[in-house]
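# Results of the structural survey
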Amino acid sequence: NNQVFRYNQVDGATVMDFGEARGWADASEVEIYLDRLYIADPGADQIYRYAPGQYTEPSPDWFLPTTQVNLQGLRAMRIDGHIWLLLDDGKVMRYSGGEQLPFSLDDSVARPTDPVDLYVSQQGDNAIYIADAADERILIFDKETGAYLGQYQAADGRPLRGLRGMYIDEARELIFLLTDEALYQQQLPR
């Protein structure tokens, strides 16, 4: 319902006020980068950026008017200086300064059939991680070239059945995987 909640230990969860003029159609992704709050809105084919504490001020459109955008099927958004978008067909798009930059994933490996989450490294390893629920795996690609680097799958059984999301703690080299049944922590595959 286009609501963003903020949580702290004193107040708990509270609804953030974005004012009357926010104009969101179908906001689905929230990300913070350099203290700015980014909201992806596939319904409006737009990303909105808010400065700290200025959430009630109208946000200008982030994409340039000349940039062709189709955010339908958006599954995840991550920011590392560029904005990375994962779509439901497994395609990853990269944007900077409101414009799309050339990027494509290596097609020598099957594209994820049910991509559910994306992580873009912020330090060192220069990788993109894509969680693929259908094949119960994490695909790893080079962030600059899109080259396939490998994949992570469970050794036995099906513990990643119902894969829903992931987070990577680069400093401690850990990957956290959320499924319908559990939250797993694992050393990052290298």
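See above for the structure.
Residues numbered from 1 in each chain as written. Predicted model: local features only at pLDDT ≥ 70, side-chain atom pairs only at ≥ 80, totals over all residues. Heavy atoms only, no water.

The next subject is the pairing of strand β4 (residues 36-41). Burial within β4 is extensive, with five of its six residues counted as buried. As defined by bridge partners, strand β3 (residues 29-33) adjoins β4 across five bridges and the pair is classed as antiparallel. In the strand pairing of β4, Tyr33 is matched with Arg36. Remark: two residues form the turn of the hairpin made by β3 and β4, two consecutive strands paired antiparallel; Leu34 in that turn has positive phi of roughly 50 degrees. Judged from the five bridges that link them, β4 and strand β5 (residues 46-50) form a sheet pairing that is antiparallel. Across the sheet, the residue bridging to Tyr38 is Arg49, located in β5. In this antiparallel pair of consecutive strands, β4 and β5, the connection spans four residues, and Asp45 shows a positive phi of 50 degrees. (Buried < 20%, exposed > 50% of the residue type's maximum accessible area, 1.4 Å probe, protein only. Helix = DSSP H or I, 4+ residues; strand = E, 2+ residues; numbered from the N terminus. Pairing = 2+ DSSP bridges.)

Checked against the element boundaries, Gly81 lands in the loop between β6 (74-79) and β7 (83-87). With 89 residues separating them in the primary sequence, Gly81 and Glu170 have C-alpha atoms 17 Å apart.

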